[in-house]
Amino acid sequence: MRSPAADLREWIALLEREGELVRVRAEVDPDLEITEITDRVVKAGGPALLFENVRGSRLPLLINQFGSERRMCLAFGVARLDDVAARLEEVLELTPPQGLRDKVRKLGTLKSIADSAPKSVSKGPCQEVVLEGDAVDLDALPIMRCWPLDPAPFITLPAVLTQDRETGVRNLGMYRMQKLDRRTTFMHWQVHKDGRADLLAAPDGRIPVAVALGLDPVTAYAASAPLPKHVGELLVAGFLRGSAVQLVKCRTVDLEVPANAEIVLEGWVDAADTGLEGPFGDHTGFYTPPEEFPLFRISAITMRRDPIYPSIVVGKPPAEDEWLAKTTERIFLPAIRMSVPEIVDYDLPAAGAFHNCAIVSIRKRFPGHARKVMHAVWGLGLLSLTKAVVVVDAGVDVHDYEEVFFRVCANVDPKRDVVLADGPLDQLDHASVLASFGGKIGFDATAKGPGEGAREWPPEIEMTPEVRARVDARLGELGLSEHVDGGAVQEWPGRAGPAERRTGSSLTRRRAGGLNLEPEHGTDGPIE
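Rules and cut-offs
Residues numbered from 1 in each chain as written. Predicted model: local features only at pLDDT ≥ 70, side-chain atom pairs only at ≥ 80, totals over all residues. Heavy atoms only, no water. Helix = DSSP H or I, 4+ residues; strand = E, 2+ residues; numbered from the N terminus. Buried < 20%, exposed > 50% of the residue type's maximum accessible area, 1.4 Å probe, protein only. Contact = heavy atoms within 4.5 Å. Areas by Shrake-Rupley, 256 points an atom, 1.4 Å probe, with all protein chains shown as cover. Pairing = 2+ DSSP bridges. Axes fitted to C-alpha atoms, helices over the stretch in contact; angles between N-to-C directions. Polar contact = N/O pair within 3.5 Å; in protein donor to acceptor, adjacent residues only side chain to side chain. Core = buried A, V, L, I, M, F, W, Y, C linked by side-chain atoms within 4.5 Å. Parallel < 35°, antiparallel > 145°, perpendicular 65-115°, else oblique. Left-handed = near helix turned anticlockwise from the far one by under 90°. Nonpolar A, V, L, I, M, F, W, Y, C, P; charged D, E, K, R; others polar. Patch = residues over 30% accessible without salt bridge, like charges linked within 9 Å, V, L, I, M, F, W, Y side chains within 5 Å. Salt bridge = Lys/Arg side-chain N within 4 Å of Asp/Glu carboxyl O. Phe/Tyr/Trp six-rings, centres within 6.5 Å; stacked < 30°, edge-to-face > 60°. Lys NZ or Arg CZ within 6 Å of the ring centre and 35° of its normal.

**Focus: the overall build of the protein**
Looking only at helices and strands, the protein has 15 helices and 25 strands in total. Taking all 528 residues of the protein together, the buried fraction comes to 52%. Of the contacts formed within the protein by residues at least 6 apart in sequence, a portion of 71% connects residues at least 24 apart. Counting only carbon and sulfur atoms, one obtains 55% of the accessible surface of the protein, whose full area is about 24200 Å².

In C-alpha cells:
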C-alpha cells in the first residue's frame, strides 16, 4: 500500500502522474464561470482541475480533487475504500489479546494509534508569509461565488479548527464561510455541529478559531467526517495517513494548525456578533434560505509564499462532495456495526443528499427486526437526521438501486410495513414544516413471516446451479459470449450495471468552452 500524500503539493503531483488532473491555463472567472465548468466536468466523470489563471487573484485554484472513487482511493493509498474501513475495524474491535501472536499484533495497532496523535512543531510552511491588521485581505484569494442567487463568494472547502475548553479536544470541521468583507466571513455552524457546541460552551461566548485551506487529502477529508465530539479528527487523520499531522502555533490566537496547510485564517467568533447569512446553493440541489449565523473576525492570514487555494462546488448531484460522503459511508460501516451488529451493509444515495435516505441490509432474526433497526438508525450520531430508512434482507445489494426498488415494490404492504415517526432533521432540509425537526418514514422491505401477520411467503425464482453452469459452458457454442456476462444478461446501452451505479461513470476527458481538459503527461513534479 502506498503512503498517502503528505501535503497538497504531493497530492497534486500524484494526481498529475496518474492522469487524474488537468491544468487550465486560460483565464477563468471565479464568479459563476468556474462552477459551470466544474459542474460539467464532474457530471462527465472528469478529472481534478487546477485553474492557473483566475481573474482577480494571483493564486491558482484546485477543484474536483475528490470527485471520483479512484481519486479517493489514491488519497488513502488503497485499492478499495473498504480497505480503509478494514483498518479502522482493527481499532474498533480491540479486545483483550489471546495468545502471544495476538498480543504482538494488537500492540502494533495500539502503537500505531499512539503514533497518530498530532505533533507540535516550531515552524511550518503555512507561515512563510504572515499578514496581520490592515494587511489582512480576503480579496487576494480566488473565493468563488458558485450559484446565481448566492449573495457573495463562499469559502467551501475549509478545515475549521476549534477547541473544547474543558477537555482540550480539538474539533476539525468543514463549514461554509460566506465572505462579508476583506476581514470578515460568516461561520455556518448549524445546530447539530460541534463547532457550534464549542461556541455555546464558552463561558464568555467568544472562542478563537483557525481555518486551514489546502491540506493533504486525508486531513481535508477528516474535517468532513462525522466523528463523535470526543474523538479528534486530527488523530483519525494521522491514523489513516500512517503519520501524525504536524501542528504549528498560530500567530494571533491560542490554537495550533496543520503546518503544511497552504493558507490559514486566524480570528475570533463571538456568539453575540451575528448577521444574516445566505442564501446558498447547497448539496440538496436547492438554495438554503438566509439565516442568522455568527461572524468570523479575521486577525491574521498566514500562507506559503506561493499558495494554492482549494475549492469545491456543491449542488444537484452528482457533485464532487458525493465521494467525500461515499468515503464516509464506507469507512464508518464498522463503527455502525459495532452499535447495530445485525447490519450487513448500508448505502446513502447521492440523490438523497446523503441525509435524506439510508438503505440498510440486515440479518433478520425475529418479527419486527426491521423496525428495530430503523429506530436504531434514527438514534445513531448524525444518521439520526436521516429522513427515510429502507430495510432489506442480508442478501440484497444495497448499492443496486433497481434491486432495492424491486424489493420495496414486491415486499412492502403499505399498511403493515411503512413506519411513520418524527424527530430531528438536517437543518438544510427545506421540506420539513419546522426547521431541523419533522417527519420520518421507514420501509420494511424484508421477507415477512407468520409472526408479522404475513401469509406464506413465496419462494423467489432462481435457476438451478447445474443449469447455470451448463449454459455458462455452452455460451461460445451458442454464439452468445459477447452478449451474456457471467450468467447474467448484458446491460443494455444507457442502463448502468450495479458496479457502475455504485461507482459512477468511467473517467472521460472533454473539451469545454475552449478550455483544454486533456491531462498532460510528464509533469510529475509539484506545482511551481
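**Quick look at unusual backbone geometry**
Residue Pro-279 follows Gly-278 across a cis peptide bond; omega there is 0 degrees. Mapped onto the secondary structure, Pro-279 falls in the loop between strand 14 (263-277) and strand 15 (280-281). Note that the residue after Pro-317, namely Pro-318, is joined by a cis bond; omega there is 0 degrees. Structurally, Pro-318 can be placed in the loop between strand 18 (309-310) and helix 9 (321-331).

**Section: helix 8 (residues 233-241)**
Most of helix 8 is tucked away, with eight of its nine residues classed as buried. Within helix 8, the full set of buried residues consists of Glu-233, Leu-234, Val-236, Ala-237, Gly-238, Phe-239, Leu-240 and Arg-241.

**Quick look at the sheet that holds strand 22 (residues 418-424)**
Strand order in the open sheet formed by five strands is 19-20-21-23-22, with mixed pairing between adjacent strands. Looking along the sheet, the strands with just one partner apiece sit at the ends: strand 19 (343-347) and strand 22. In this sheet, neighbouring strand axes are inclined to one another by 20 degrees on average, regardless of whether the strands run parallel or antiparallel. Bridge count between strand 21 (residues 388-393) and strand 23 (residues 437-444): four bridges; the pairing is parallel. Residue pairing in the sheet places Val-391 in a bridge with Asp-444 of strand 23. Across the sheet, helix 11 (residues 369-377) lies against strand 19, strand 20 (357-362), strand 21, strand 22 and strand 23, angled at about 135 degrees from strand 20, the strand it touches most.

**Some thoughts on the side chain of Glu-342**
With respect to the secondary-structure elements, Glu-342 resides in the loop between helix 10 (333-339) and strand 19. Engagement of the side chain of Glu-342 in a polar contact is seen with the side chain of Lys-372, the distance being 2.5 Å. For Glu-342, the contacting residues outside a window of four places in its chain are Ser-361, Ile-362, Arg-363, Arg-365, His-369, Lys-372 and Val-373.

**Some words on the nonpolar core**
Burial of nonpolar side chains together is a common tendency in soluble globular proteins. Core analysis: the biggest nonpolar cluster contains 77 residues, and Trp-11, Phe-76, Ile-343 and Val-360 have the highest contact counts within it. In this view, Val-360 contacts Ile-343, Asp-345, Tyr-346, Val-373, Val-377, Val-389, Val-390, Val-391, Val-392 and Val-398; residues no more than four positions away in its chain are not counted. Counting residues in each nonpolar core, the second largest holds 40 residues, with Leu-61, Leu-199, Val-209 and Ile-263 among its members.

**A word on the packing of helix 7 (residues 217-224) against helix 8**
In the contact formed by helix 7 and helix 8, the axes pass within 9 Å of each other and the chain directions differ by 140 degrees. Comparing their axes, helix 8 and helix 7 come out oblique. Where helix 7 crosses over helix 8, the handedness of that crossing is right-handed. Here helix 7 contributes Val-218, Thr-219 and Ala-222 to the contact with helix 8, which in turn contributes Glu-233, Leu-234, Ala-237, Leu-240 and Arg-241. Among the residues making up the contact of helix 7 with helix 8, the classes are represented as five nonpolar, one polar and two charged.

**Thoughts on a nonpolar patch on the surface**
A cluster of nonpolar residues, Val-433, Leu-434 and Phe-437, forms a patch on the protein surface that exposes about 340 Å² of accessible area. Following the sequence through the fold, Leu-434 ends up in the loop between strand 22 and strand 23. The class for Leu-434 is exposed, based on a relative accessible area of 52%.

**A short note on the packing of aromatic side chains**
On inspection of all chains with the given rule, the structure shows three aromatic pairs. Between the aromatic rings of Phe-76 and Tyr-221, the centroid separation amounts to 5.6 Å while the plane-to-plane angle is 75 degrees, which identifies the pairing as edge-to-face. With Phe-76 in helix 3 (residues 69-76) and Tyr-221 in helix 7, the pair connects residues that are 145 residues apart, well separated along the chain. Relative accessible area serves as the criterion here: at 2%, Tyr-221 is assigned to the buried category. For the ring pair Tyr-175 and Trp-189, a centre distance of 6.2 Å and an interplane angle of 90 degrees mean the geometry is edge-to-face. One end of the pair, Tyr-175, is in the loop between strand 8 (170-173) and strand 9 (177-181); the other, Trp-189, is in the loop between strand 10 (184-186) and helix 6 (194-201), and 14 residues separate them in sequence. We classify Tyr-175 as buried; its relative accessible area is 6%. A cation sits over an aromatic face here: Arg-206 above Trp-268, 4.1 Å from the ring centre.

**Remarks on the pattern of salt bridges**
Counted by the stated rule, this structure contains 42 salt bridges. Ionic pairing is found between Arg-330 and Asp-82, a salt bridge with its closest N-O pair at 3.5 Å. Here Arg-330, found in helix 9, pairs with Asp-82, found in helix 4 (residues 81-92); they are 248 residues apart in sequence, far enough to count as distant. With a relative accessible area of 4%, Arg-330 lands in the buried category. Accessibility expressed as a relative area gives 22% for Asp-82, which makes it partly exposed. For the salt bridge of Arg-176 with Glu-277, the shortest nitrogen-to-oxygen distance reads 2.8 Å. In this pair, Arg-176 sits in the loop between strand 8 and strand 9 while Glu-277 sits in strand 14, placing the two residues 101 residues apart along the sequence. The network of salt bridges with common partners includes Arg-80, Asp-82, Asp-83, Lys-326, Glu-329, Arg-330, Asp-345 and Asp-347.

**Details of the environment of His-230**
Its place among the elements puts His-230 in the loop between helix 7 and helix 8. A relative accessible area of 64% means that His-230 is categorised as exposed.

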